[in-house]
Amino acid sequence: MSIRRLLALLPFFLLTLLPAGPPATAAAVVAFGTVVPVPVTSTVTTGVTYGITASTAVYADPGAEGIAERLAALLRRSTGYPVPVSAAPGVGGVSLLLSGAPATVGAEGYQLDVTAASIVIRATGLAGLSNGIQTLHQLLPVAVDAATVQPGPWPVPGGHIVDYPRFGYRGAMLDVARHFFPVSAVERYIDQLVLYKINYLHLHLSDDQGWRIAINSWPNLATYGGSTAVGGGAGGYYTQADYQRIVSYAAARFVTVVPEIDMPGHTNAALASYAPLNCDGVAPPLYTGTDVGFSSLCTSKELTYSFIDQVVGELAALTPGPYLHIGGDEAASTAPADYAAFINRAQQIVAAHGKTVVGWHDVTKATPLPSTLAQYWGTTTRDAAVQTAAQNGTKLIMSPANRAYLDMKYNSRTPLGQSWAGYIDVKTAYGWDPGAYLTGVPASAVLGVEAPLWTETITTSADIDYMAFPRLPAIAELGWSPYSTHNWTAFKQRLGAQGPRWHVMGVNYYHSAQISWPGGS
Ligand code: IFG
């Protein structure tokens, strides 16, 4: 063969030396250890996978059909397989069983077993099965989250997990008052929360800039008080049917909605809607700025308390969950004695409508009812009033603004968000123990954690994604996993492994430089 001919063949020879990429049809098997929140115990069965195939069925114990259908729908959309759902017991496939789980899993935990022959999730209740499905979801190839049929195959890594939460309250708050978000955006956020076993969605429904829930006995609250937003935009509000859609969507996914009507401060939208609510009988203009602390309900008027009674009454009737949040924060325009008397009376009104009160921790300056939850949003690790309340039996939800506030910028270059509580990158969001954060407040006084997202600067679902991911999974892990598993080096590996799935899901997440994101994510 001539030299010329040999040289012509050289490039083709070199190509054979390149590493062969994965075969087009191979789907990367998710590493067992990438689940977030990290499970209490998990052991991988090396070399074993279960393959989801065209003959895979889902078998559900009575009552678990809805959970099975949601898993089946996810699989059908991206595998193209029929994935029938039928009554357990079944042979092979995926079984969702309400028996056989160890008692340690409690109401929300589960046992997951993946072998070559089957996938079995066992729990004592439906919430546990739902949480087991989230873990299974994270063990499926990321292509399973595609909106169209993918080639597969669909291997699930073999192993055994027994898992249950550290805290019962693992929440996220969405401020729909500063900027309004339609039902579809809230449902999208719920889908993201569920994947990380968040089980409470706190909706901040009213503030100075907007009233977002229709109240039939006070119609101007939504039609006028909900007509604008920060920046002067169009605003919006939920009809009571809209709110019930959100509540039902959440409940089907074992997420409980906690509605908040902030009072006595953060009430300009209500005061602008009804002149008689104002002490001087004059309604202020609608407000589209971002100041806080300038508004107050008129605590000396009886009308105020019948207003609260009717608002709370209608909202409580629409809310199956146990909690109703009365806000109570930043009441700088309410005299301290008036504030305390107001909060004490507002708590009685909420209790009379059968709900347990939640308030920002400012309510500890009044007299919390024994059942009232205080949501800590301070930036210090010591608060005397909160410590006293905790010692008197008040339970806390931990949302320190310099750890859990998702509207805080990651760093000085973050285009969205605020920085009054400091910058919060992923390591800061992860680097604390909700059970040992406040001086003099034992873990037994902590009901759980919540990550608030205030929306002064947030206007779209893409903005929500950017601020919530990757920090929300960090808060979710603090709420779910044992503190004994708390380890930044391990966590950031698990978190990085979530990136490819968020990419497929279309989550507009911030690629924090603290995390190594796998190629292509
Ligand atoms: N504090 C206010 C919020 C919001 C927030 C933005 C609380 C409890 C600052 N109150 O946080 O209304 O403006 O980071």
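A.B. asks: Could you clarify how one ought to interpret the nonpolar core in this entry?
C.D. replies: Taken as a class, soluble globular proteins show a tendency for nonpolar side chains to be buried jointly. Counting residues in hydrophobic clusters, the biggest one holds 115 residues, and the most contacted among them are Trp-211, Tyr-238 and Phe-307. The biggest single contributor to this core is helix H4 (residues 183-195), with eight residues. Counting 33 residues, the second largest nonpolar core, distinct from the first, contains Leu-96, Ile-121, Leu-129 and Leu-136.

A.B. asks: What is the right way to read the packing of helix H14 (residues 471-480) against helix H15 (residues 488-505) from this model?
C.D. replies: Packed helix pairs are characterised by how far apart their axes lie and by the angle those axes make with each other. Relative to each other, H14 and H15 sit at 130 degrees, their axes nearing to 11 Å. Overall, the two elements H14 and H15 adopt an arrangement that is oblique. For H14 against H15, the interelement crossing comes out right-handed. Residue-level inspection shows Pro-473, Ala-474 and Glu-477 of H14 in contact with H15, the latter providing Phe-491, Arg-494, Leu-495 and Trp-502. A per-class count over the contact of H14 with H15 returns five nonpolar, no polar and two charged.

A.B. asks: Even after reading the chapter, I still don't get the sheet that holds strand S5 (residues 110-114), so can you show me in this structure?
C.D. replies: Strands belonging to one sheet form pairs held by backbone hydrogen bonds; the direction of such a pair is parallel or antiparallel. Ordered by their spatial adjacency, seven strands build an open sheet running S1-S7-S5-S6-S4-S2-S3, and the pairing between neighbours is mixed. Both outer strands of the open sheet, strand S1 (41-52) and strand S3 (85-87), are each paired with one neighbouring strand and no more. Mean inter-strand twist for the sheet, computed between neighbouring axes without regard to direction, equals 20 degrees. The pairing of strand S2 (residues 58-60) with S3 spans three bridges and is classified as parallel. Note that in S3 the partner of Ala-60 across the bridge is Ala-87.

A.B. asks: Would you mind going over the packing of aromatic side chains with me for this structure?
C.D. replies: Two aromatic rings are characterised by how far apart their centres lie and by the angle between their planes. Following the criterion strictly, the structure yields 27 aromatic pairs and no others. The interplanar angle of 50 degrees and the centroid separation of 5.8 Å between the aromatic rings of Tyr-200 and Tyr-323 together place this pair among those described as tilted. Of this pair, Tyr-200 sits in strand S9 (residues 200-204) while Tyr-323 sits in strand S11 (residues 323-327), placing them 123 residues apart in sequence. Given the relative accessible area of 13%, Tyr-200 is considered buried. Both rings, one in Tyr-410 and one in Tyr-466, keep their centres 6.1 Å apart while their planes meet at 85 degrees; by these two values the pair is edge-to-face. Here Tyr-466 lies in helix H13 (residues 461-468) and Tyr-410 lies in the loop between helix H11 (401-404) and helix H12 (426-430), a separation of 56 residues in the sequence. The same class applies to Tyr-410 as to Tyr-466, namely buried. Every member of this aromatic cluster is reached through a ring pair, and the members are Tyr-196, Phe-469, Trp-502, Tyr-509 and Trp-517. One residue, Arg-253, lies across the ring of Tyr-249, its end atom 3.5 Å from the ring centre.

A.B. asks: For this particular structure, what's the right way to read the state of the cysteines?
C.D. replies: Joining two cysteines, a disulfide is a covalent bond between their sulfur atoms. Counting across every chain of the model gives one disulfide. Note that Cys-279 is cross-linked by a disulfide to Cys-298, the S-S spacing being 2.0 Å. Between Cys-279 and Cys-298, the disulfide has an S-S torsion of 100 degrees and is therefore right-handed. Taken together, the residues Cys-279 in the loop between helix H7 (268-273) and helix H8 (302-317) and Cys-298 in the loop between H7 and H8 connect sequence positions 19 residues apart.

A.B. asks: Whenever I open this one, the site of the ligand confuses me. Can you help?
C.D. replies: The ligand sits among 14 residues. The nearest are Arg-178, Tyr-405, Asp-407, Trp-420 and Glu-456. Contact distances for the ligand include 3.3 Å between a nitrogen atom and a side-chain N or O atom of Glu-330. At a separation of 2.8 Å, an oxygen atom of the ligand approaches a polar side-chain atom of Trp-420. Its residues assigned to classes, the shell around the ligand shows seven nonpolar, two polar and five charged.

A.B. asks: What's the story with the pattern of salt bridges in this structure? I'm lost.
C.D. replies: Once their charged atoms are close, side chains differing in charge can pair, the charge on each being opposite to the other. Counted by the stated rule, this structure contains twelve salt bridges. Salt-bridge contacts for Glu-69 lead to Arg-76; the nearest nitrogen and oxygen are separated by 3.1 Å. A residue is classified by how much of its surface remains accessible, and Glu-69, at 35% relative accessible area, is partly exposed. With relative accessibility at 28%, the residue Arg-76 sits in the partly exposed group. Across the pair Asp-465 and Arg-188 runs a salt bridge whose closest N-O atoms are separated by 2.7 Å. Here Asp-465 is found in helix H13, whereas its partner Arg-188 is found in helix H4, with 277 residues between them in sequence. Because the salt bridges share partners, they merge into one network encompassing Asp-175, Arg-178, Asp-207 and Glu-456.

About the cut-offs
- Residues numbered from 1 in each chain as written.
- Predicted model: local features only at pLDDT ≥ 70, side-chain atom pairs only at ≥ 80, totals over all residues.
- Heavy atoms only, no water.
- Core = buried A, V, L, I, M, F, W, Y, C linked by side-chain atoms within 4.5 Å.
- Buried < 20%, exposed > 50% of the residue type's maximum accessible area, 1.4 Å probe, protein only.
- Helix = DSSP H or I, 4+ residues; strand = E, 2+ residues; numbered from the N terminus.
- Axes fitted to C-alpha atoms, helices over the stretch in contact; angles between N-to-C directions.
- Parallel < 35°, antiparallel > 145°, perpendicular 65-115°, else oblique.
- Left-handed = near helix turned anticlockwise from the far one by under 90°.
- Contact = heavy atoms within 4.5 Å.
- Nonpolar A, V, L, I, M, F, W, Y, C, P; charged D, E, K, R; others polar.
- Pairing = 2+ DSSP bridges.
- Phe/Tyr/Trp six-rings, centres within 6.5 Å; stacked < 30°, edge-to-face > 60°.
- Lys NZ or Arg CZ within 6 Å of the ring centre and 35° of its normal.
- Disulfide = S-S within 2.5 Å.
- Near = heavy atom within 4 Å.
- Polar contact = N/O pair within 3.5 Å; in protein donor to acceptor, adjacent residues only side chain to side chain.
- Salt bridge = Lys/Arg side-chain N within 4 Å of Asp/Glu carboxyl O.

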